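Residues per chain are reported as follows:
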Amino acid sequence: MERESVPRILITADGSRTLFSDTYYQSYQSISGALCQARWVFLEAGDVSRRLQARQPTRVLEVGFGTGLNAMLTLDLALATGCPLDFVSLERDLLPAWTLRALGHGRWLEHPEVAESLGNAIEEGRPRVQLAPQVHFELALGDATTIDLPRTVFDVIYLDAFSPDVNPELWTVDFLTRLHAALVRGGVLATYCVKGTVRRALESVGFDVAKRPGPPGKAEITVARR
Ligand SMILES: C[S@@+](CC[C@H](N)C(=O)[O-])C[C@H]1O[C@@H](n2cnc3c(N)ncnc32)[C@H](O)[C@@H]1O
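The rules behind these values
- Residues numbered from 1 in each chain as written.
- Predicted model: local features only at pLDDT ≥ 70, side-chain atom pairs only at ≥ 80, totals over all residues.
- Near = placed C-beta within 6 Å.
- Nonpolar A, V, L, I, M, F, W, Y, C, P; charged D, E, K, R; others polar.
- Pairing = 2+ DSSP bridges.
- Helix = DSSP H or I, 4+ residues; strand = E, 2+ residues; numbered from the N terminus.
- Buried ≥ 20, exposed ≤ 12 C-beta atoms within 10 Å, placed from the backbone.
- Right-handed = clockwise from strand over helix to strand, strands pointing away.
- Contact = placed C-beta atoms within 7 Å.
- Arc of directions from axis to C-beta.

Trainee: How should the site of the ligand be read in this particular structure?
Mentor: Residues in close proximity to the ligand total 23 residues, the closest being G64, G66, T67, R92 and A144. Partitioning the shell around the ligand into residue classes produces nine nonpolar, eight polar and six charged.

Laid out in structure tokens, this is it:
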């Protein structure tokens, strides 16, 4: 009998949980702290925390919904600040709702109902969730490299694919060109990856690329601005 492999749950250094993918042979987040990585690399370096606290309406595109941690933290902050947010997440291999629930990401949220709402939507096959009149979440299912992306719409992109050696299609010049075009001018792409080939590819498609200090366990991260 063939069995689907179930990702293993790992407890990371800050107490938050992540999964280990046997397909990519990699964890979904840093084992040095999944929660810390999500906040540091995406909400902070991506400038989303500042924008939401300043009540600047924000559109975020995420490449790789995964366990939903980045999405939940961002939606949670929008609810806490009352700032309008549209969050679109791309995912090819959606994890089942029960796996996401087992990670218990809701415990890190000021509004744990965000985790519940996303879990319910996934269970019921609903791609869109309205969490407040101006806080929207959308899951775009499919291969991110073939999904139609609108041009000049997003303020921030979270590029959170698995690493380039195992998930190369999400780090190509072609795909990065489409991400660049999806950002507004001045928009920011944040990623944990600092590989030279990726930084050069980002520069070659027109980004201004900078390294920033990374979260515990990671010396540097990349922030690229259109
Ligand atoms: C590192 S995980 C993302 C972690 C996530 N942001 C979180 O908060 O848990 C990378 C994700 O990218 C997805 N992925 C990989 N290749 C993809 C592709 N070609 N199109 C869409 N999603 C893809 C994987 O299924 C996985 O869920």
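Trainee: Mind showing me how you'd approach the sheet that holds strand 1 (residues 8–11) here?
Mentor: Through backbone hydrogen bonds, the strands of a sheet pair up, either in parallel or in antiparallel fashion. With respect to topology, three strands assemble into an open sheet ordered 1-2-3, the strand pairing being antiparallel. The sheet is open, and its two edges are formed by strand 1 and strand 3 (26–27), each paired on a single side. Where strand 2 (residues 17–21) and strand 3 come together, two bridges link them in antiparallel fashion. Across the sheet, the residue bridging to S21 is Q26, located in strand 3.

Trainee: What should I look at first to understand the pairing of strand 4 (residues 58–63) in this one?
Mentor: On a regular strand, each side chain points to the face opposite its neighbour's, so the side chains alternate between the two faces of the sheet. Among the six residues of strand 4, six are classified as buried, and the element is accordingly described as predominantly covered. Residues T58, V60 and E62 of strand 4 are buried on one face, and the alternating residues R59, L61 and V63, pointing to the opposite face, are buried as well. Note: strand 4 against strand 5 (residues 85–91), six bridges, orientation parallel. Paired with T58 across the strands is L85, a residue of strand 5. Considered for its hand, the β-α-β crossover made up of strand 4, helix 3 (residues 69–81) and strand 5 is right-handed. As paired elements, strand 4 and strand 8 (residues 154–159) share four bridges and run parallel to each other. The residue bridging V60 from the neighbouring strand is V156, located in strand 8.

Trainee: What is the right way to read the environment of E169 from this model?
Mentor: The topology assignment puts E169 in the loop between strand 8 and helix 6 (173–182). For E169, a count of 14 C-beta atoms within 10 Å translates into the label partly exposed. In this view, E169 contacts T145 and F175; residues no more than four positions away in its chain are not counted.

Trainee: Could you clarify how one ought to interpret helix 6 in this entry?
Mentor: Given 3.6 residues per helical turn, the α-helix brings residues three or four places apart onto the same face. Turning to helix 6, its buried residues are F175, L176, L179 and A182. Viewed along the axis of helix 6, the buried residues span an arc of 115°, placing them on a single side of the element. Opposite the buried face of helix 6, at more than 90 degrees from it, the exposed residues are V173 and D174. Where the residues of helix 6 are buried, they touch strand 4, strand 8, strand 9 (183–191) and helix 7 (196–204).

Trainee: I would appreciate a short explanation of the environment of H105 in the present structure.
Mentor: Mapped onto the elements of the fold, H105 is located in the loop between helix 4 (97–103) and helix 5 (113–124). Once the C-alpha coordinates of H105 and A78 are considered, the two residues, 27 residues apart in sequence, prove to be 16 Å apart. When near neighbours in sequence (up to four residues on either side) are disregarded, H105 contacts T67, G68, L69, M72 and A115.

Trainee: How should I be thinking about unusual backbone geometry in this particular structure?
Mentor: Outside of glycine, negative phi angles account for most residues, and trans bonds account for most peptide bonds. Even without being a glycine, D47 presents a positive backbone phi close to 75°. Here D47 lies in the loop between helix 1 (34–44) and helix 2 (48–53). A positive phi is found at T152, a non-glycine position, where the angle reads about 55°. Note that T152 resides in the loop between strand 7 (135–141) and strand 8. Judged by the 11 C-beta atoms lying within 10 Å of it, T152 is exposed.

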